[in-house]
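Listed below are the residues making up each chain.
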Amino acid sequence: MEFKIKSCVKTKEQLPDLLKKEYENQYERIKGRLTEQQLSLFDKREDFPFVLAMSDFIANTIFSYPNECALLVENGALDAISVVTDLKEFTDEYLNEKLPEFELKKRLRIVRRTRAMVIAWRELCGYSKLEEVFSDLSYMASTLVLKTLSIVRAQLVPVFGDALCSDGTPMPLLTLGMGKLGGGELNFSSDIDLIFAYPNEGETQGKSRSLTHREFFTRIVQRSANLLSDKTVDTFAYRIDLRLRPFGDAGAMVNSFDALQVYYETQGRTWERYALVKAKLLGDESVNGPYGEELINLLRPFVFRRYLDYGAVQSLRKLKHMIESEVRRRNLKDNFKLGSGGIREIEFIAQVFELMRGGRFAELRERSLIKTLDAISVLELLPEEVTHNLKNAYAFLRHLENVNQEFSDKQTQTLPDTQKDRLRLITCLGYDSFEGFLTDLDKVMNYVHDEFKKVVADEEHDNYSIANFEIWEAENSVDDLEGKLKEFIKNKDEAKDLANNILSLKQNLTRMPVGPVGRETLLELMPKVITLIGKEEGSADLFKRISGLIEQIALRTPYMQLLRDNNEVLERFIELLKENHFASELITAHPILLDELFIPQYFTAPPSVNEYSAMLQERLLRIEKDDLEAIMEELRLFKKIMVFRIALSDKAGKLPLMKISDALTFLAQAIVKQLLSLAWSQTAAKYGEPEGQSIDDPGLAIIGYGKLGGIELGYKSDLDMVFIRKQCEGMTNGERPVSVDLFYQRLVQRLLHLSTTKTIGGILYDLDMRLRPDGDTGLLISDVQSFEQYQLSRAWTWEHQALVRARPIAGSLNIINEFERIRTEILRSKRDDTKLKEDVVQMREKMRAHLDRTSDTLYDIKQGPGGMIDVEFISQYLLLRYAPVNEDMILWTDNVRILEECARLSIISEELKVTLINAYIDIRKIYHELSLADLPRLVSMQNRLEATYKVEQIWKEMFS
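One structure accompanies this document, and this report is about it. Note that the structure is predicted; figures quoted are calculated from it, not measured. (Residues numbered from 1 in each chain as written. Predicted model: local features only at pLDDT ≥ 70, side-chain atom pairs only at ≥ 80, totals over all residues. Heavy atoms only, no water.)

What follows concerns the pattern of salt bridges. Taken as a whole and assessed by the stated rule, the structure comprises 50 salt bridges. Between Lys 496 and Asp 479 there is a salt bridge whose closest N-O contact spans 3.6 Å. Pair noted here: Lys 496 is in helix H23 (residues 495–510) and Asp 479 is in helix H22 (residues 478–486), with a separation of 17 residues, a long-range link. Note on Asp 479: relative accessible area 53%, which makes it exposed. For the salt bridge of Glu 482 with Lys 496, the shortest nitrogen-to-oxygen distance reads 3.8 Å. Of the two residues, Glu 482 sits in helix H22 while Lys 496 sits in helix H23, which places them 14 residues apart along the sequence. A relative accessible area of 17% means that Glu 482 is categorised as buried. The network of salt bridges with shared partners includes Glu 22, Asp 56, Lys 420, Asp 421 and Arg 424. (Salt bridge = Lys/Arg side-chain N within 4 Å of Asp/Glu carboxyl O. Helix = DSSP H or I, 4+ residues; strand = E, 2+ residues; numbered from the N terminus. Buried < 20%, exposed > 50% of the residue type's maximum accessible area, 1.4 Å probe, protein only.)

Bringing the packing of aromatic side chains into the picture now. Considering all chains together, one arrives at 23 aromatic pairs under this definition. Ring plane angle 80 degrees and centroid distance 5.4 Å describe the contact between Phe 57 and Phe 188, whose orientation is recorded as edge-to-face. Here Phe 57 is found in helix H4 (residues 56–64), whereas its partner Phe 188 is found in the loop between helix H9 (179–182) and strand S2 (192–198), with 131 residues between them in sequence. Classification of Phe 57 by relative accessible area gives buried; the value is 4%. (Phe/Tyr/Trp six-rings, centres within 6.5 Å; stacked < 30°, edge-to-face > 60°.)

Below, the discussion takes up the environment of Asp 766. Within the secondary structure layout, Asp 766 lies in the loop between helix H33 (740–756) and strand S8 (767–768). The exposure class of Asp 766 is partly exposed, given its relative accessible area of 45%. With residues near it in sequence (within four places) discarded, Asp 766 still touches Asp 718, Leu 719 and Thr 756. (Contact = heavy atoms within 4.5 Å.)

So, on to H22. Every buried residue of H22 is listed here: Leu 481, Glu 482 and Leu 485. Along the axis of H22, the buried residues cluster in a sector spanning 105 degrees; they form a single face. (Arc of directions from axis to C-beta.)

Now for the packing of helix H7 (residues 101–125) against helix H10 (residues 213–229). Here H7 crosses H10 at 60 degrees, and the two axes come no closer than 8 Å. Taken together, the axes of H7 and H10 lie oblique to each other. Across the interface between the two elements, Glu 101, Leu 104, Lys 105, Leu 108 and Arg 109 from H7 touch Arg 223, Asn 226, Leu 227, Leu 228 and Ser 229 from H10. Across the contact of H7 with H10, the residue classes tally to four nonpolar, two polar and four charged. (Axes fitted to C-alpha atoms, helices over the stretch in contact; angles between N-to-C directions. Parallel < 35°, antiparallel > 145°, perpendicular 65-115°, else oblique. Nonpolar A, V, L, I, M, F, W, Y, C, P; charged D, E, K, R; others polar.)

So, on to helix H2 (residues 36–43). Those residues of H2 not exposed but buried are Gln 38, Leu 39 and Phe 42. Across the axial projection of H2, the buried residues extend over an arc of 100 degrees, all falling on one side. Among the exposed residues of H2, those pointing more than 90 degrees away from its buried face are Glu 36 and Gln 37. Elements in contact with the buried residues of H2: helix H1 (17–31), helix H3 (48–54), H4, helix H5 (66–74) and H7.

Within a regular strand, the side chains alternate between the two sheet faces. Extensive coverage of S2 is indicated by the burial of seven of its seven residues. Along S2, one buried face is formed by Ile 192, Leu 194, Phe 196 and Tyr 198 and the opposite face, lined by Asp 193, Ile 195 and Ala 197, is buried too. Note that strand S1 (residues 174–177) and S2 share four bridges and pair antiparallel. Bridge assignment links Leu 176 to a residue of S2, and that residue is Ile 195. Examined bridge by bridge, S2 and strand S3 (residues 240–241) share two bridges and lie parallel to one another. Following the sheet pairing, Ile 192 is matched in S3 by Ile 240. Regarding topology, H10 serves as the crossover connection from S2 to the parallel S3, and that connection is right-handed. The sheet contact formed by S2 and strand S4 (residues 254–256) spans three bridges and is parallel. Looking across to S4, one finds that Tyr 198 is bridged to Ser 256. (Pairing = 2+ DSSP bridges. Right-handed = clockwise from strand over helix to strand, strands pointing away.)

Here's what the structure looks like:
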């Protein structure tokens, strides 16, 4: 397990022919950009041909910035111990607040790219130790981030004034470097994860305008992130990722100390502890003042518990399962970071001990993984030999990561698949062949995974021995196989049918390009499947159903390996096949849901209302924020997973129908909030933001109508929504400004696109906007005044019926309050009862004429006489009729509580309330079951509920 970076001069003679050709091409391209003196400077170096052949990034950087690169070489940067020793002094002169934005962006990119060129040159040639590379990359990122924040602040102060402490000194904006930046082990092409905080609330004292401290610091962070991460002709300086902050994308970009403390005490999750282990305050006391130590002390109790925290192990197991699921879903082959035995597993090993024991042992609060492994060894928590080998494995994999990224400055942890890059890799690492390198890589990763399993991975669950290999492996006739099956299956009468189904699956699989690894996996998996299914009464039918899944996953070996290696998951899936047709069909259509069978608590209860947003945010954190396609797929997968969990709980019969509808509604609500956040970020990045508005206060509200508003969503419901915004004029503040009207139109269009575009994962939700003012002919979004005028003067009665079930689900609090005011005013407006009845009946008859599918033999449980819609219209009529004359009537949006409220106020009798509510719930239960079974909303007339006849009679009496 020993690993050392070789230190030797790399020359042209060492290059394979393909790379010699690459050098020649790059040299011809570059020499026209250099003066004779500069070219001579580079030519004097024996390693110049080597690095040109090795790295497109180095060649492109020299081509783009010949003067700056030549000066660094002339000043001895390639042979210095560190290229960043003078970086702070240099940036203080080179970067300042007086530069135009275009020039500032250019200079930031020049600094990062030219220094990174030197770092890559030294590492590719083997001159630098890995610790030096980590240190230089981390210091450079920290310096440029702090310098950018300082410049932006200096630009804003003349306009808005400064945020000041009580003693009149500038209040610091504290920056926590997370992940590998916090650990001082940044990789070459890494994102930079940051969290920002400020000591306390207050206001700036600008000459023309004041801002709250949160607004002031948010502007600094937003602008700084754009300066560093915007793509220009000079590419970008750093990709800035702010999603580790409280509440992720949906949360404030900057938080006060008090807000952080409240969040981590009440909302903090284990993965956030995991992230904060590496958190490091950027800058020294001259930057942070006395507040740096205060912030660290504030976070420490959340991260490090005073007791032995064995729960951390299970939490990390869950996190590991999520990562494995992601690897399977995205088919990430050759990934030496996330794959089995990769960098992440070494990090997890160290993190387990930090989270479990860091509260008691200060030595385990190290941010550096190398130092943490040393501390684990000193404390004798792992044998010294193991920690030594893990450090060597970590160095091997991290050096591989850097070298791989230095070819083209791409953030990748996947082995190259082109001949050129594979030659580059083995040449830099000192191997004679790619196969020889793979042999060593396998040894390293197998060792890491074995140690990971001892510390973190689940224990094996194999409570039975698997025999009967010959049943799947041997060539059997139907009669032979029937005889062998009769020896052990529970229902001997099913042996022949089971034999036929087994042979049918084998025949289907022979026509598929399963591959040798897949066939070997099947040889181990299928005897287990047959043995387990043989214990069940309906074994032939069960096997036929599981065959559908096997055929789905046959070409994706990791899923078959998951079933082969996890008996508990296999057993749970077979239980699903027996008891829950909807869930088993869902998992067959989407095998990624197999991972959900690791989490048995959702078999009896869905996630709680408050979990959805946090869980969604956690999943999105693992995706590049600029990768729109991946984000859209992740949203669709998240919905499938959550619906699957809800369906498991539903079919277990542990929850009433109303709780299932609650779960489906609040899931949709969490996703809509995330869609709004994503749509805002993307629209604002293109056009800027309306003055005074931000992602935290977008200046609009999303109103849920229908079943979304009434908290009554079903499995296949679409979402009825209306968008309302504040009334304002002007232009956005971006580089490509547009009118505020157009901005909000584009925002809503973007949200619709994110939800309704069909991808590999299907659509997210169908969004129905027809309930907006003027319907399909109206604007996508209305301002508050227009919405109010429409409802008061032009809306039809049926639109006020729809307003009964309307409820804000996302957006700015002030717009939400305005909507609630308008809704209350409309619903409490006095109406002529005769006219109201006529309008309700007329609309109901119109709907029935177009939508009711009742016939002599079939009954439409939704639109038929006495069906679901009749109950909904009755409750809407009662609220519109009696809210104006009952000041204390609560204006609920769901039918059940409206009817309960009417009974409380003696508008209807207790008996009538019970009849209508019971009928409504019973109808919805049947509708629900039909939806799960993917059947139309029709039942035979003989099976029509008795309660619907009662509702039909109540309708006739009420509206006669």
